[in-house]
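# Coordinates in review
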Amino acid sequence: MHSRILILDFGSQVTQLIARRVREAGVFSEVVPYDVGTGFIRDYARDGSLRGIVLSGGPNSVTEGDTPRVPQIVFELGVPVLGICYGMQAMAEQLGGRVENGKVREFGYAEVRASNHTRLLEGIADSVLADGSSLLKVWMSHGDKVTGMPPGFKVMLSNEACPIAGMADETRKFYAVQFHPEVTHTLQGRAIINRFVHEICGCQSDWNMPDYVSEAVEAIRRKVGKDDVILGLSGGVDSSVAAALIHRAIGDQLTCVFVDHGLLRLNEGKMVMDMFARNLGVKVIHVDATEQFMGKLAGVTDPEEKRKIIGREFVEVFQTEAAKVSNAKWLAQGTIYPDVIESAGKGKKGQTIKSHHNVGGLPDTLNLQLLEPLRELFKDEVRELGLALGLPREMVYRHPFPGPGLGVRILGEVKKEYADLLRKADAIFIEELWNTPSGLLSEKGEPLSWYDVTSQAFAVFLPVRSVGVMGDGRTYEYVVALRAVQTQDFMTAQWAHLPHELLGKVSNRIINEVRGINRVVYDISGKPPATIEWE
Ligand SMILES: Nc1ncnc2c1ncn2[C@@H]1O[C@H](COP(=O)(O)OP(=O)(O)OP(=O)(O)O)[C@@H](O)[C@H]1O
Ligand SMILES: O=c1[nH]c(=O)c2[nH+]cn([C@@H]3O[C@H](COP(=O)(O)O)[C@@H](O)[C@H]3O)c2[nH]1
Ligand SMILES: NC(=O)CC[C@H](N)C(=O)O
Ligand SMILES: [Mg+2]
């Protein structure tokens, strides 16, 4: 059984990073909303694998009445607790201390001094001062501060703006810090989280990819027994890794369904079939549903309507194909952990910006159980798993590609003619990104291309025509927009500052090589207010 750390989320922008840091320390961790309920936390603790709880930061103020509070059970389970920022303030307030609106707000870089010897901070320092105390360079983001400690606590860290910047009750193993150890700007943040999970919580480093592969393989075998499994294979990272993992577990009992809706990238179909069917020996049914999708999309211009049609047709195809596999009892999906967290927060978010296509909307009549072996993993862990399963780097490090594909990158009505032009332009852009060094190096010291350092990049087809001149002749052709973004989580994103030379080369190549396009523009909108895809 893995040791586990539970992270209660109070709404900080960086909660996920806490989970990342804990997992990097080799310990499994999960994020749940702060109000999951006492029952959940009690059940979670029942089997003895729960070793510690982290309380995240958050936008609210505990000085106001009906703001989030820590479920009381957290302080009663006898496991160590680490409060971060809002988590520290809530801990202080609830255990009998005092929190006030600070006069001095601290945002960004700060220095704090370890003012007492605590087990959490043993050996941790950016520099050691003349009196033997240690100095830490940290990242702060708060307005409130703890001004009175609860009984049993002593000061662990302080600075001028915040005399109680850290506190500890070492008997109960309750620790709290006002800064954010989970962000990399806090130089000793990793080390602090490491100490918390290993020294304070007593966790073993038992969360690593090779072990995970064998455990996951065993779990899949146990679950599905002799049944057959169907999986929608897109050629994207998640479903590909899921396919490779399930194939390792049950071999021929897995059938993948790869749907070509006519809106895939250039050579995607061939790539997927080559990789999975020919090289990995996975059973893949290649369904050419171009006519079906294009037929249904003809004349439709509204983005939401297009998305709904594509989602519906996907279900149709899966259903038809599943019916052909006699012993199929399971539908496998590449659902990953951020998908799970995101859907847990659904309902609170309000307006639908886009209906993301999802196989989750399958009708009950399908009668298949869900198999989601990547449910617990972050994207970079999924990638690591893919490599451990022998998938090539180019596949594992691909940018994500939305299920509706070029359907949401051709503005307005989707036509085959447009899709063909867009595929060519997109392939040129991606090829140049791959071939152009960014000047940055990976952690292992390998050169990174512009493809590596952007999170997602693609071309968008604009069904408007503009006038150009080529070889002394007039042209009146379509426009392509290039989009490249950098983002951690795809919820917010910056447009990538690609070098002008690179953009110039891509533009030249597209206009020269793709007949039908005579103008290329670059999208310099962030998300928000724009979104990553254009529809
Ligand atoms: N063309 C397709 N054929 C079959 N299944 C598909 C296709 N496109 C999407 N799907 C299904 O929809 C799921 C969700 O798509 P999504 O794009 O989120 O994940 P992905 O394609 O596996 O990975 P990535 O995020 O890297 O693109 C996929 O895991 C896959 O099961
Ligand atoms: O599988 C998917 N089905 C969809 O319907 C879908 N819509 C957007 N995306 C991807 O989600 C991320 C955020 O995109 P937006 O900023 O456009 O909402 C980006 O990575 C988008 O490519 C989708 N992925
Ligand atoms: N980042 C945080 O958790 C901030 C906590 C609280 N909102 C404050 O301003 O102090
Ligand atoms: Mg995809």
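The residue numbering used here restarts from 1 in each chain and proceeds along that chain's sequence as written. Chains carry letters from A onward and ligands carry numbers from 1 onward, assigned in written order. Only residues with pLDDT of at least 70 get local features here, since the model is predicted, and only at 80 or more are side-chain atom pairs given and counted; chain-wide, interface and lining totals rely on the full set of residues.

## Comments concerning the overall build of the protein chain
As a reminder, the rule being used: Here a helix means four or more residues in a row that DSSP labels H or I, a strand means two or more in a row labelled E, and each is numbered from the N terminus. Radius of gyration means the value over C-alpha atoms here, while the globule rule gives 2.2 Å times the residue count to the 0.38 power. By the convention adopted here, residues make contact when the C-beta atoms placed from their backbones lie within 7 Å.
Looking only at helices and strands, the protein chain has 15 helices and 21 strands in total. Taking 24 Å as the expected radius of gyration for a compact globule of 535 residues, we find that the protein chain reaches 26 Å, a close match to that expectation. Along the first, second and third principal axes, the C-alpha set of the protein chain runs to 80 × 60 × 45 Å. Taking contacts inside the protein chain between residues at least 6 apart in sequence as the whole, the part at least 24 apart equals 74%.

## Remarks on the UniProt feature "binding site: ATP" (unreviewed entry) in the protein chain
Stated formally: UniProt positions are given in the numbering used here, feature names are shortened, and annotations may be inferred rather than shown by experiment.
In this numbering, the UniProt entry assigns the feature "binding site: ATP" (unreviewed entry) to S234, G235, G236, V237, D238, S239 and S240. Within the secondary structure layout, S234 lies in the loop between β11 (228-232) and α6 (237-250). The contacts of S234, once residues within four sequence positions are left out, are S239 and G403. With respect to the element layout, V237 can be found in helix α6. Ignoring anything within four residues of it in the chain, the contact list for V237 reads V382, R383, G386, V396, R398 and P400.

## Some points on the site of ligand 1
The condition that has to hold: Residue proximity rests on one test: whether the C-beta atom, placed from the backbone, lies within 6 Å of the molecule or strand. Residue classes follow a fixed rule: Ala, Val, Leu, Ile, Met, Phe, Trp, Tyr, Cys and Pro count as nonpolar, while Asp, Glu, Lys and Arg count as charged, and any other residue, Gly among them, counts as polar.
Near ligand 1 you find 17 residues, and of these G232, S234, G236, V237 and S239 are the closest. Where the shell around ligand 1 is concerned, the elements lending two or more residues are α6 and β12 (254-260). A per-class count over the shell around ligand 1 returns nine nonpolar, seven polar and one charged.

## Considering the nonpolar core
So the rule is basically this: The term nonpolar core refers to a group of buried residues, namely Ala, Val, Leu, Ile, Met, Phe, Trp, Tyr and Cys, whose C-beta atoms join them within 7 Å. The burial criterion counts other C-beta atoms lying within 10 Å of a residue's C-beta, which is placed from the backbone; the residue is buried at 20 or more, exposed at 12 or fewer, and partly exposed between these limits. Each domain's extent was defined by an automatic or database domain assignment.
V229, L231, V241, I246, C256 and A425 are the most contacted members of the largest nonpolar core, which totals 79 residues. The dominant element in this core, judged by the number of residues it contributes, is α6, at nine residues. The two domains that each donate at least three residues to this core are domain 2 (209-396) and domain 3 (415-522). In this view, I246 contacts I220, V229, L231, L254, A332 and P373; residues no more than four positions away in its chain are not counted.

## Brief notes about the pairing of strand β2 (residues 28-33)
What counts here: The pairing criterion for strands is at least two bridges between them, as found by DSSP. Crossover handedness is defined here as right-handed if the route from the first strand over the helix to the second strand goes clockwise, with the strands pointing away from the viewer.
One ladder, built from six bridges, connects strand β1 (residues 4-9) with β2; its direction is parallel. Bridge assignment links L8 to a residue of β2, and that residue is V32. Following the chain from β1 across helix α1 (residues 15-24) to the adjacent parallel β2, one finds a crossover that is right-handed.

## Some points on the sheet that holds strand β8 (residues 154-158)
Put simply, the rule reads: Under this scheme, a helix contributes an axis fitted over its contacting stretch, all axes are lines through C-alpha atoms, and angles between N-to-C directions fall in the 0 to 180 degree range.
One open sheet accounts for ten strands, arranged β2-β1-β3-β4-β10-β9-β8-β5-β7-β6; its pairing is mixed. Where the open sheet ends on each side, the last strands, each with one partner, are β2 and β6 (127-128). Contacts between α1 and the sheet are confined to β1, β2 and β3 (50-55), with β2 contributing the most and set at about 165 degrees to the helix.

## Remarks on the UniProt feature "active site" (unreviewed entry) in the protein chain
Using the residue numbers shown here, the UniProt feature "active site" (unreviewed entry) corresponds to C85, H180 and E182. In three dimensions, the annotated residues from a span of 98 residues occupy one location, with a maximal C-alpha spread of 11.1 Å. Within the element layout of this structure, H180 appears in the loop between β10 (174-177) and α4 (189-200). Overall, the presence of 24 C-beta atoms within 10 Å leaves H180 in the buried class. Note that E182 resides in the loop between β10 and α4. Apart from the residues lying within four places of it in its own chain, the contact partners of E182 are V14, L17, I18, R21, G189 and I193.

## Examining the environment of G403
Topologically, G403 is positioned in the loop between α12 (393-396) and α13 (416-435). A tally of 21 C-beta atoms within 10 Å means that G403 is categorised as buried. The spatial distance from the C-alpha of G403 to the C-alpha of L385 is 22 Å, given a sequence separation of 18 residues.

## What about the sheet that holds strand β15 (residues 369-371)?
An order of β13-β12-β11-β14-β15 is seen for the five strands of this open sheet, with the pairing classed as parallel. A strand with exactly one partner marks an edge of an open sheet, and here the two such strands are β13 (283-288) and β15. In this sheet, adjacent strand axes meet at a mean angle of 30 degrees when their direction is disregarded. Note that β11 and strand β14 (residues 328-332) share four bridges and pair parallel. The partner of L231 across the bridge, within β14, is A332. Strands β11, β12 and β14 of the sheet are contacted by α6, whose axis makes an angle of about 165 degrees with β11.

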